Amino acid sequence: MPRHLWKTVLALSLPIALAAVALASPASAAQSLRLQYKNSSTGATTAQAEPWFKLVNDGTTSIPLSQVKIRYYFTGDTAYRFACSWAVVGCSTVTGQFATLSSPVPAANRYLEVGFTSGTLAPGANTGDMQLRFHRADWQNFTQSDDYSFGAQTSYADWSKVAVYVGGQLAWGTPAGGTGPDPSPTPTVTPTGNPGGQGTLFDDFAYTGSSDPRLAQRGWTVRSNSGGPGVPGATWSPSAVTFPSVSGNQVLQLDSSTDGTGAGTVHTELSTSARKFFEGTYAARVKFSDAPLSGPDGEHVVQTFFTITPLQQNMDPDYGELDFEYLPNGGWGEPANILYTTSWETYQADPWQAVNTHTEERTSFAGWHDLVIQVSGGRIKYYVDGRLFADHGDIYYPETPMWIMFNQWFIDLQGGSTPRTYRQQVDWVYHSKNEVVSPAEVLNRVNAFRASSTAFTDTVPSS
Ligand SMILES: [Ca+2]
Ligand SMILES: [Ca+2]
């Protein structure tokens, strides 16, 4: 009987037993997984190790990638960060974490463990390129030539000094410390809160109120000083900045109100205290509103998410500002709702002269929206709910670091003394320094922060 038919008969006669074996031992005889490695940064000392991998399925069954772990062994005694630069399977499905070997050897006391959140590797298939890298959290150089898994080949070749586990069982390679039983370590996991970029800000806005001391500790300023923009004489009120729970999730809430007078007008603003945000990706989930909570509608209110620098002098060329501005009732000569994205080269206040460019849509944006700005390579790309909304550049590209801000204010007043309050909410804010992050990947990362109960992190270095 030909071999493949014999196997078919065996499988038919023992379906239950085979199923049980498959569950207990995913790395079964039908599975054969091979790792290929190339080194994209071969220097003995480097700021980043760049182990690139390709997994090849030489077996006869499909392998769920979620069961696969790749371990790259090295020596280190500080915090490290993992990043996926590019991968055929999609960097959003590739995870990286660091663990400590329970039985260290001279060439390895730690390992990078690469995993997958989804995907399947069919028989005969390979994952294609996975262009990975890792670096010290402080970006100091480190010696990699003495690391167990380090190899000098610059094109893909089989490499047994990187181990691959499937379902917890060794499937390829020789782990550092030998091929004893599955080490199943208790990993000292270093959160990979900084994938790809050179610093991450994430805040889910879980605060008790605008006087919560953690706001200042974490680099936020709730505005109280008077001045522009908007209606002269208005106050910027911290008490109108709150953090209520919406369906169990806290949000930043800006309630701006007016009674038709300057003195009776309240504006609201939250901004970063540090001006340290420049190139990279900015994102926030923002709820715009078209109507006041109560009272007459029609005010020219501006609801925002933006970055900005100070203007050092009139027409300062190093000025920068990147805006999402929603005007639910129009304003600035517009008759009705309009969403602006505006990129600024510079301006002067008096006489008014603005050097900027904008892209707008005249429709309602009431409700929650995922807003993303990518600043990289001379281009500024604005996304709304994953859709490219605007692509600016040239002289409008920022030159210097900026603050991140949210505010809500009135351009002018329509009259009438009945109080009215407009509400803007912000669920979270995210920034990755020097990294272009797709809108979908931003959401993956926000979900990952929430999965690890991380309500706040800021690893963006001071500039
Ligand atoms: Ca939130
Ligand atoms: Ca400028």
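These numbers come from a predicted model, not from an experiment.

A. Structural view of the overall build of the protein chain. Per the secondary structure count, the protein chain includes four helices and 34 strands. Counting over 463 residues, the protein chain shows a buried share of 41%. Sequence-distant contacts in the protein chain: of pairs separated by 6 or more residues, those separated by 24 or more amount to 74%.

B. Just the environment of F365, in detail. Mapped onto the elements of the fold, F365 is located in the loop between strand 28 (353–361) and strand 29 (367–376). Other than its neighbours up to four places away in sequence, F365 contacts F288, Y326 and L339.

C. Up close: the sheet that holds strand 9 (residues 108–116). Strand order in the open sheet formed by five strands is 8-9-6-14-15, with antiparallel pairing between adjacent strands. Every interior strand has two partners, whereas the edge strands, strand 8 (94–105) and strand 15 (169–172), have only one. Taking each pair of neighbouring strands and ignoring which way they run, the sheet shows an average axis angle of 35°. Here five bridges tie strand 6 (residues 68–74) to strand 14 (residues 162–166), and the two strands are oriented antiparallel to one another. Bridge assignment links K69 to a residue of strand 14, and that residue is Y165.

D. Spatial organisation of the nonpolar core. One finds A284, V426 and Y430 to be the most contacted residues of the largest nonpolar core, which totals 61 residues. Counting 42 residues, the second-largest nonpolar core is a separate cluster that includes I63, L65, F74 and F134.

E. Focus on the pairing of strand 14. Most of strand 14 sits out of view: five of its five residues are buried. Both faces of strand 14 are covered, namely the face carrying V162, V164 and V166 and the face carrying A163 and Y165. In sequence, strand 14 turns back onto strand 15 through a hairpin of two residues, with G167 there showing a positive phi of about 55°.

F. Main features of the pairing of strand 26 (residues 321–327). Burial analysis of strand 26 places six of its seven residues in the buried class, the great majority of the element. For strand 25 (residues 301–308) and strand 26, the ladder comprises six bridges, and the chain directions are antiparallel. By the bridge assignment, Q303 is partnered in strand 26 with Y326. For strand 26 and strand 27 (residues 338–348), the ladder comprises seven bridges, and the chain directions are antiparallel. Pairing of L322 across the sheet is with S343, part of strand 27.

G. A look at unusual backbone geometry. Cis geometry marks the peptide bond from G228 to P229; its omega dihedral reads 5°. Relative to the assigned elements, P229 resides in the loop between strand 17 (220–222) and strand 18 (235–236). Backbone torsion omega between D350 and P351 reads -5°, so that peptide bond is classified as cis. Relative to the assigned elements, P351 resides in the loop between strand 27 and strand 28. Although it is not a glycine, M315 sits at a positive phi angle of roughly 60°. Locating M315 in the fold gives a position in the loop between strand 25 and strand 26. The backbone phi angle of W332 is positive, close to 55°, even though this residue is not glycine. If you trace the backbone, W332 turns up in the loop between strand 26 and strand 27. A tally of 12 C-beta atoms within 10 Å means that W332 is categorised as exposed.

H. Structural detail: helix 4 (residues 439–451). Across its 13 residues, helix 4 extends 18 Å between first and last C-alpha, which sits within 8% of the 18 Å expected from 1.5 Å per residue. Taken together, the buried positions of helix 4 are occupied by E441, V442, R445, V446 and F449. Down the axis of helix 4, the buried set is contained in an arc of 145°. They therefore lie on one face. Residues of helix 4 that are exposed and angled more than 90 degrees away from the buried face: N447 and A451. Here the buried face of helix 4 lies against strand 16 (200–203), strand 24 (280–288), strand 29 and strand 33 (420–433). Just downstream of helix 4 lies S453, where phi reads positive at about 55°.

I. Main features of the confidence of the model for the protein chain. Mean pLDDT over the protein chain works out to 89, with 90% of the residues at or above the 70 mark. Overall, residues 1–27 carries pLDDT values under 50, and its contacts beyond four positions in sequence, including any with other chains, amount to 14 contacts. Below pLDDT 50 for its whole length, residues 181–194 participates in 33 contacts with residues either more than four positions away or in separate chains.

J. Structural context of the environment of A171. Note on placement: A171 falls in strand 15. Distance from A171 to K69, taken between C-alpha atoms, is 9.7 Å for residues 102 residues apart in sequence.

K. Focus on the environment of C84. As for its placement among the helices and strands, C84 is situated in strand 7 (residues 80–87). With 50 residues separating them in the primary sequence, C84 and F134 have C-alpha atoms 8.5 Å apart.

Reading the values: rules and limits
- Residues numbered from 1 in each chain as written.
- Chains lettered and ligands numbered in written order.
- Predicted model: local features only at pLDDT ≥ 70, side-chain atom pairs only at ≥ 80, totals over all residues.
- Helix = DSSP H or I, 4+ residues; strand = E, 2+ residues; numbered from the N terminus.
- Buried ≥ 20, exposed ≤ 12 C-beta atoms within 10 Å, placed from the backbone.
- Contact = placed C-beta atoms within 7 Å.
- Pairing = 2+ DSSP bridges.
- Axes fitted to C-alpha atoms, helices over the stretch in contact; angles between N-to-C directions.
- Core = buried A, V, L, I, M, F, W, Y, C linked by C-beta atoms within 7 Å.
- Expected span 1.5 Å × (residues − 1).
- Arc of directions from axis to C-beta.
- pLDDT = per-residue confidence, 0-100.

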